Amino acid sequence: MFNRRVLILTIIFLLAFLVLFTQMVSLQILEAEDWRERGEKRLHRREQIVPRRGSILDRNGRILAEDRATWDLWIVLGQTIRPPGEKPREEFILGEITVARMRNILRAHSAQQEREELLAVEYLRDHLPLTERLAEILWYTKSQEAASLLEMKELVAKALFREAKRSMEDPRSDGIFRKRHLFRNIGNAAYFRILQDQNMRGEDSLFEPLDLQGGWLREYPFGESAAHITGYVGPLSKPDYERLRGTWGEEGLIPGEGEIPGFFIPTETELDIIGYKEITKHGEMIPIPGFLQNEIVGKRGIERQYNQSLRGSHGRRYLHRTIQEPSGRKVWEVKNVEDPGRNGRSLMLTIDAEIQQQVYEKVQAGLEERHLRDQEEQQEKFGPQAVGREYNAACVLMDPNTGAIQALVSIPSYDPAEVRKNYSDYMLAKSRYPLLNRVTTGIYPPGSTFKPVVALAALNCGCITPETEYDCQGAIRLGNHDFICMRRVSHGLLKVEDALKYSCNVFFYNTGRDLGRQRLYDFICEMGFDQPTGIDLPSEKAGQMKDNLASGYRWSIGNTFHLSIGQEIAVTPIQMAVAVSAIANGGKIVRPHLLAGIEDATPEEMETLAVFNQPVKNLELTQTAIKTVRQGMWKVVNEEGTGRRCRIASLEICGKSGSADWKQDEPTHAWFVAYAPAEDPQVVAVIVVPEGNLGGRTCAPIIKDIMKVYFDLPDFDDGVG
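Okay, so let's go over this structure. (Residues numbered from 1 in each chain as written. Predicted model: local features only at pLDDT ≥ 70, side-chain atom pairs only at ≥ 80, totals over all residues. Heavy atoms only, no water.)

Overview of the overall build of the protein chain
Stage number 1. Summing up its helical and strand segments, the protein chain has 25 helices and 30 strands in all.
Stage number 2. Within the span of the protein chain, comprising 721 residues, buried residues form 50% of the whole.
Stage number 3. Considering only contacts within the protein chain whose residues lie at least 6 apart along the sequence, 71% involve residues at least 24 apart.
Stage number 4. For the protein chain, the exposed area adds up to about 34,600 Å²; of that, 51% sits on carbon and sulfur atoms. (Helix = DSSP H or I, 4+ residues; strand = E, 2+ residues; numbered from the N terminus. Buried < 20%, exposed > 50% of the residue type's maximum accessible area, 1.4 Å probe, protein only. Contact = heavy atoms within 4.5 Å. Areas by Shrake-Rupley, 256 points an atom, 1.4 Å probe, with all protein chains shown as cover.)

Set out below in structure tokens:
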């Protein structure tokens, strides 16, 4: 019996020893490397060096966008997770939102998950000491916008919860110990108060899990006036990443637009950086730059168009965790800089910032004047409670010989430095769409500003001559329908120059009929109205032409009548600028562009810049056609034409007004296009005020003021027009 008990105990001890031995072998031999790596991760950390983003300058070197050094606030969520006996549970950085609770939230159904998240944020706001202390500092230093301390606490709590949730969603096992980004630009005052608390209290500091790191804040000195040129920046999103990385093809990564499903989350070996891969293309290894998960990238405008040049390249350095004397605080010190990175390159644009600012102000003043006039008219009709319409506008100035943009204005605009904070407000303002660049994406029927194009097409193919006359009796009858002239005004016999001067619809109905759908369509395509202009701004639209215009299917002579006065087509203001430039320069289709120079430009970039200033193509136009249309546009402004309100005594301007129907019982879209000087064109100006009614009344005075700004002419009323 005794021997049996001894045997059983011996077997139990042997089994226990075998289990322990197996565990020791597993830990010390089989899993040794894994545990060594885990230990290294606690003592060593790889960190990205964020480069300074390149500046955006005007042609005179004035700053349109630049980075300013600032302090960012990061947090290591797992740094303060300790056994419950060491500190009260309330002082854990996650409070009651433990790893297990967070995972329960992620597994919950959508409705329940939302409720759980709200409760979690409320707990962090009301019970976590770190939240209250940090909110007091950030609100006191006004580094984050909040109307009250309670609102600031709410912002801090939401930020903590957001990063905690991201840590739980992180596919890597130690995601809770990775540094997460909380706030940008906390300000010097907040930086020194947090740093002082950390140094004095060491590990007892509530701010011990916080990490202060230098960052960059994007500033835009010209604000709203240049917003639709510069654009703005923001954190990298999944759509941004898919767009910037490109599409995987047979030969590897193909730069450009494309989607990479599921590739946004980095693999474990990539740590906090996405990319730094190499691909094989044509037998050559090509490095592909990566993107930080918290990286700032261009969202709109030049910031987005030339993001790769502006962003630079990120560096990498290794940090070692050490104990700071005498506080005993554990800090990270730089051990080795593997790659210092490279700051972004600055870009020089074609615009003059001062002219851009003044053009913006002139357009805004013109809209305010139109608003007041409209309000007076409305009050006369409907009483003192009536209010005027809020007007939008798009205006562009361009060199007709090179395509260089001199100014570009879209109203309403936005503050690019504030749009990230108030993005939802901008998106909710859908009645006016302040984020929309109307110069490149606004599509409107051109109305009578299209008549010079029709005249040029007819003169160039010989359908009409400068001496051709048509009789205008206020309307032209087609079947049972009257196609009227301007308010049934009878102009009598007119030649093409005077038809442009008075904007006679009947003359162009006849011209379009004689020209025919096919020849008119072909010429429209030659002028570039069937495609985007190629301006170096993102998301440009191509305008709209009716599909049956190309095929002739269900296209009647009535459609041709409408097209001849700019009603069966819709264009962007930048397309109109290219068309007017072709008239001004004698037949060259130019490529609109904003980029004038790149810091440390490569040979390939120099070639691109040179191509920008070359015409896309040269139209085969007769001198007679060009001269006749130019003379007609001269008469529009300098004689008693529809654009006489644009006349300046000391400057000969050629132009054309337009009032385009777009919806029954709604005011027409107001247009005006112009170039100057008449004999040696240096600038083309195009403006559209949607629902602005008459172009000659609403837009011509604005172009007049803009021309005075551009040519530095006296601003007083010269008594002309």
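Side note on the sheet that holds strand 28 (residues 654–660)
Stage number 1. In spatial order, the strands read 18-17-30-29-28; together these five strands make up an open sheet with antiparallel pairing. Of all strands in the sheet, those with a lone pairing partner are strand 18 (405–411) and strand 28, marking the two edges. On average, adjacent strands in this sheet sit at an angle of 5° to one another, irrespective of strand direction.
Stage number 2. Direction of pairing for strand 17 (residues 393–398) relative to strand 18: antiparallel, over a ladder of six bridges. (Pairing = 2+ DSSP bridges. Axes fitted to C-alpha atoms, helices over the stretch in contact; angles between N-to-C directions.)

Side note on the pattern of salt bridges
Stage number 1. Per the stated rule, a full pass over the model turns up 23 salt bridges.
Stage number 2. We note a salt bridge from aspartate 352 to arginine 62, for which the minimum N-O separation is 3.4 Å. Residue aspartate 352 is located in the loop between strand 16 (347–349) and helix 12 (353–382), and its partner arginine 62 is located in the loop between strand 2 (56–57) and strand 3 (63–76); the two are separated by 290 residues in the primary sequence.
Stage number 3. On the basis of relative accessible area, arginine 62 is assigned to the partly exposed category, the value being 27%.
Stage number 4. Residues glutamate 467 and lysine 495 are paired through a salt bridge, measuring 2.6 Å at the closest nitrogen-oxygen approach. Note that glutamate 467 is positioned in the loop between helix 15 (451–461) and strand 19 (470–472) and lysine 495 in the loop between strand 22 (492–494) and helix 16 (496–502), a separation of 28 residues in sequence. (Salt bridge = Lys/Arg side-chain N within 4 Å of Asp/Glu carboxyl O.)

Some remarks on the side chain of asparagine 510
Stage number 1. Relative to the helices and strands, asparagine 510 is located in helix 17 (residues 505–515).
Stage number 2. What makes asparagine 510 buried here is its relative accessible area of 8%.
Stage number 3. Reaching out from asparagine 510, the side chain makes a polar contact with the backbone oxygen of valine 506 at a distance of 2.9 Å.
Stage number 4. Contact partners of asparagine 510, with chain neighbours within four places excluded, come to Tyr470 and Ile476. (Polar contact = N/O pair within 3.5 Å; in protein donor to acceptor, adjacent residues only side chain to side chain.)

Details of the packing of aromatic side chains
Two aromatic rings, taken as a pair, are described by how far apart their centres are and by the angle between their planes.
Stage number 1. Tallying each qualifying case throughout the model produces 11 aromatic pairs.
Stage number 2. Each ring, one from tyrosine 191 and one from phenylalanine 192, has its centre 5.0 Å from the other, and the planes form 75°; the classification is edge-to-face.
Stage number 3. Residue classification places tyrosine 191 among the buried positions, given a relative accessible area of 13%.
Stage number 4. Judged by its relative accessible area of 52%, phenylalanine 192 falls in the exposed class.
Stage number 5. Their ring planes at 90° and their centres at 5.1 Å tell us that phenylalanine 483 and phenylalanine 561 sit as a pair that is edge-to-face. Note that phenylalanine 483 is positioned in strand 21 (residues 481–484) and phenylalanine 561 in helix 20 (residues 557–564), a separation of 78 residues in sequence.
Stage number 6. Three or more aromatic residues joined by ring pairs make a cluster, and in this case those are Trp71, Tyr191 and Phe192. (Phe/Tyr/Trp six-rings, centres within 6.5 Å; stacked < 30°, edge-to-face > 60°.)

Considerations on empty space enclosed by the protein
Stage number 1. All told, the structure shown has two cavities of 30 Å³ or more when counted by the stated rule.
Stage number 2. Computed from the structure, the second largest cavity encloses a volume of approximately 40 Å³.
Stage number 3. Lining the second largest cavity, in full, are Thr449, Pro452, Val453, Met576, Ala579, Val580, Ile583, Met633 and Val673.
Stage number 4. In terms of residues, the lining of the second largest cavity owes the most to one element, helix 21 (residues 573–585), which gives four residues. (1 Å grid on protein atoms, 1.4 Å probe; cavity = no way out; pocket = protein on both sides within 12 Å on 5 of 7 lines; lining within 4 Å. Points joined across faces, edges and corners; volume = space filled by probe spheres on them.)

Re the nonpolar core
Stage number 1. One finds Ile302, Ile405, Phe507, Met527 and Phe529 to be the most contacted residues of the largest nonpolar core, which totals 97 residues.
Stage number 2. Tallying contributions element by element places helix 21 first for this core, with nine residues.
Stage number 3. If you look at the next biggest cluster of nonpolar residues, it comprises 33 residues, including Tyr391, Ile411, Val636 and Ile687. (Core = buried A, V, L, I, M, F, W, Y, C linked by side-chain atoms within 4.5 Å.)

Purely geometric stuff here, so don't read any function into it on its own.
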